[in-house]
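Spelled out from the first residue to the last, the chains are:
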Amino acid sequence: MLLTNATLATMDAPGPYGLIRDGALALDGDRIAWVGPGDSVPAGWRDLPARDLGGRLVTPGLIDCHTHIVHGGNRAREFEMRLEGASYAEIARAGGGIASTVTQTRAASEDDLLATALPRVDALIAEGVTTLEIKSGYGLDIETEARMLRAARRVADARTVTVRTSFLGAHAVPPGMSADDYIDTICLPALDAAHASGLVDAVDGFCEGIAFTADQIARVFDDARALGLPVKLHAEQLSHMGGTRLAARYGALSADHLEYADAGDAAALADAGTVAVILPGAYYTLRETQAPPIAAFRDHGVAMALATDCNPGSSPMTSLLLAMNMGATLFRMTPEECLAGVTRHAARALGFTDRGVIAAGARADLAVWDAEHPAELVYRIGFNPLSQRIFGGRA
Ligand code: DI6
Ligand code: FE
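Quick caveat: nothing in here was measured; it's all calculated off a predicted structure.

Engineer: Would you mind going over the coordination of the iron ion (ligand 2) with me for this structure?
Structural biologist: In a perfect tetrahedron of four donors around a metal, the angles come out at 109.5 degrees. In a perfect octahedron of six, they are 90 or 180 degrees. For the iron ion (ligand 2), every protein donor is listed as H66 (NE2), H68 (NE2), H234 (NE2) and D309 (OD), and the spread of their distances is 2.1 to 2.3 Å. Around the iron ion (ligand 2), the 4 donor atoms sit at angles spanning 82 to 167°, and that spread fits a shape best called irregular. The motif formed by the donor residues of the iron ion (ligand 2), counted along the single chain, is H-x1-H-x165-H-x74-D. Here H66, found in the loop between strand 6 (62-64) and helix 2 (76-83), pairs with H234, found in strand 10 (residues 232-235); they are 168 residues apart in sequence, far enough to count as distant. A relative accessible area of 0% means that H66 is categorised as buried.

Given below as structure tokens:
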């Protein structure tokens with residue numbers, strides 16, 4: 001199939017957004033075969049059945065590289081409590097927060113977990129998302145962590161979307177247990193079991209005062225390394241705990257949140273080639289005032305991704321378009337950085353080398369927009385200009 005008369009934000013060619021005006025695109029099966037100006041389509045592709053896109057904008061299919069979209073229940077009551085003055089950390093220490101979602105997730109069947117996740121997944125898909133990361137971390141026992149991951153895998157059977165799973169056993173310490181005991185007796189065995197069942201693509205953790213220290217996370221990362229699994233980490237979200245440098249030391253795919261990261265952390269990420277995943281939905285929801293050091297990331301050449309962090313506590317958000325708008329308005333990321341954050345750099349944060357750009361050889365995951373310029377995707381609030389989504393070459 002040949003797509004013609006398109007404005008291509010390739011995120012790959014030279015210049016802002018890798019923009020090609022009056023562009024064309026040849027698809028061969030689930031791959032992009034050729035991309036370039038419409039007047040130079042090579043002979044071999046010129047005779048393909050053509051579709052005129054009427055000048056519409058085409059971007060790579062969007063990638064949400066950090067979600068907790070599979071979970072039981074919701075925390076609307078805690079939202080009310082925060083409005084009445086309680087802080088996120090206070091609610092967590094009082095047995096609410098992540099622990100309350102753990103209770104609701106343990107009570108949910110695998111079918112329930114899938115059924116409640118799908119409407120949220122559909123909201124992302126409606127905005128052109130073609131690849132999605134989903135974490136465990138609300139089970140905190142061997143059986144429920146695996147059940148969450150099985151439900152996550154089933155999302156990819158139920159919908160035309162690629163799913164990457166992350167094992168997040170080191171998300172919170174279950175009540176009545178020490179963090180060290182939890183890691184030794186539950187988290188590591190749960191990781192080994194989930195991996196043995198083929199459920200784990202990467203290993204994540206929450207390095208935070210209300211969760212695990214860098215030394216405790218290191219033990220989880222050592223197990224991941226022994227299993228040959230890549231790592232990523234929730235780091236410096238609410239305080240500076242040294243998680244970013246730990247992640248860099250382990251060559252992590254990404255370090256995520258990073259509100260309290262400093263210039264030294266930025267240098268460490270740059271050296272390691274670790275992506276900084278920026279999560280403005282959590283910053284917004286928790287009314288944080290410390291913004292991540294975007295300028296330092298930019299100066300050090302750290303690749304920045306943007307994601308929803310879709311979760312029932314700190315970021316009940318199912319819009320990657322809104323995440324882009326927040327990245328720009330709250331953190332002063334440029335619209336080009338925002339779009340790279342949900343395409344090219346989001347792919348890297350998941351270890352993909354075959355997507356996130358419009359280039360020959362890449363997967364034919366595309367989003368077609370009723371827009372003339374890519375900045376329109378970032379600047380509007382609550383408006384979805386998606387015209388069409390192409391997943392693996394299929395509309
Ligand atoms: N950081 C977050 O923002 C989420 N998890 C994490 O480690 C919050 C999860 C929740 O509140 O349920
Ligand atoms: Fe998260």
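Engineer: Explanation requested: the site of ligand 1 in the structure shown.
Structural biologist: Taken together, 14 residues lie near ligand 1, and R75, Y88, Y138, H171 and S314 sit nearest. R75 places a side-chain nitrogen or oxygen 2.7 Å from an oxygen atom of ligand 1. One nitrogen or oxygen atom from the side chain of Y138 is found 2.6 Å from an oxygen atom belonging to ligand 1. Expressed as a share of its isolated accessible area of 320 Å², the protein-covered part of ligand 1 is 100%.

Engineer: Please clarify how the packing of aromatic side chains should be interpreted in this entry.
Structural biologist: Pairs of aromatic rings are described using the distance from one ring centre to the other and the angle between the two planes. For the structure on display, the rule yields 3 aromatic pairs. Both rings, one in F221 and one in Y250, keep their centres 5.3 Å apart while their planes meet at 65°; by these two values the pair is edge-to-face. Here the residue F221 occupies a position in helix 8 (residues 214-227), and Y250 occupies one in the loop between helix 9 (243-249) and strand 11 (254-257), the gap between them amounting to 29 residues. The class for F221 is buried, based on a relative accessible area of 1%. Taking relative accessible area as the criterion, Y250 reaches 19% and is therefore assigned buried. Its guanidinium or amino end placed over the ring of F352, R355 lies 3.8 Å from that ring's centre, counting from NZ or CZ.

Engineer: For this particular structure, what's the right way to read helix 5 (residues 110-125)?
Structural biologist: Counting along an α-helix, one turn takes 3.6 residues, and residues three or four places apart therefore face a common direction. The end-to-end C-alpha distance of helix 5, which contains 16 residues, comes to 21 Å, matching closely the 22 Å that a straight helix rising 1.5 Å per residue would cover. Helix geometry: helix 5 is bent most strongly at L118, by close to 30°, with proline P119 lying one to four residues after it. For helix 5, every residue scored as buried is listed here: E110, L113, L114, A117, L118, R120, V121, L124 and I125. Buried residues belonging to helix 5 abut strand 6, helix 4 (98-106), strand 7 (129-135), helix 6 (142-158), helix 13 (320-331) and strand 15 (386-390).

Engineer: Any chance you could explain helix 13 here in plain terms?
Structural biologist: Here helix 13 is 12 residues long and its end C-alpha atoms lie 15 Å apart, about the 16 Å a rise of 1.5 Å per residue gives. Burial in helix 13 covers these residues: L320, L321, A323, M324, N325, M326, G327, A328 and F331. Two or three places before L321, at the start of helix 13, stands the capping residue S319, its side-chain oxygen 3.4 Å from that residue's backbone nitrogen. Phi for R332, located one or two positions after helix 13, is positive at around 65°.

Engineer: In this structure, what is going on with the side chain of T162? I would like to understand it.
Structural biologist: You can see T162 is positioned in strand 8 (residues 162-170). Here the side chain of T162 touches R355 through a polar contact of 3.4 Å, side chain to side chain. Here T162 is in contact with T130, T131, L132, F352, R355, R363 and F391, once residues within four sequence places are set aside.

Engineer: Hey, could you run me through the nonpolar core in this one?
Structural biologist: One broad rule of soluble globular proteins: the nonpolar side chains tend to lie buried together. With 98 residues, the main nonpolar core has V70, V200, I278, F297, M324 and L339 as its most contacted residues. Counting residues per element, this core draws most heavily on helix 7 (residues 179-196), which supplies 9 residues. Sequence-distant contacts of M324, that is, excluding residues within four places in its chain, are made with L306, C338, L339, V342, L377 and V378. Listed in part, the 17 residues of the second largest apolar core include L8, L53, I358 and V368.

Engineer: What is the right way to look at the pairing of strand 5 (residues 57-60) in this model?
Structural biologist: Here is the key point about a regular strand: its side chains alternate between the two faces of the sheet. Relative to strand 5, strand 1 (residues 2-9) runs parallel, the two sharing 2 bridges. Bridged to T7 within strand 5 is L57. Note that strand 5 and strand 14 (residues 366-369) share 4 bridges and pair antiparallel. The residue of strand 14 that forms the bridge with L57 is W369.

Parameters at a glance
Residues numbered from 1 in each chain as written. Chains lettered and ligands numbered in written order. Predicted model: local features only at pLDDT ≥ 70, side-chain atom pairs only at ≥ 80, totals over all residues. Heavy atoms only, no water. Donors = N, O, S within 2.8 Å, 3.2 Å for Na, K, Ca; no water. Tetrahedral: all angles 85-135°; square planar, octahedral: opposite > 155°, others 65-115°. Helix = DSSP H or I, 4+ residues; strand = E, 2+ residues; numbered from the N terminus. Buried < 20%, exposed > 50% of the residue type's maximum accessible area, 1.4 Å probe, protein only. Near = heavy atom within 4 Å. Polar contact = N/O pair within 3.5 Å; in protein donor to acceptor, adjacent residues only side chain to side chain. Areas by Shrake-Rupley, 256 points an atom, 1.4 Å probe, with all protein chains shown as cover. Phe/Tyr/Trp six-rings, centres within 6.5 Å; stacked < 30°, edge-to-face > 60°. Lys NZ or Arg CZ within 6 Å of the ring centre and 35° of its normal. Expected span 1.5 Å × (residues − 1). Bend = angle between axes of the 7 residues up to and from the residue. Contact = heavy atoms within 4.5 Å. Core = buried A, V, L, I, M, F, W, Y, C linked by side-chain atoms within 4.5 Å. Pairing = 2+ DSSP bridges.

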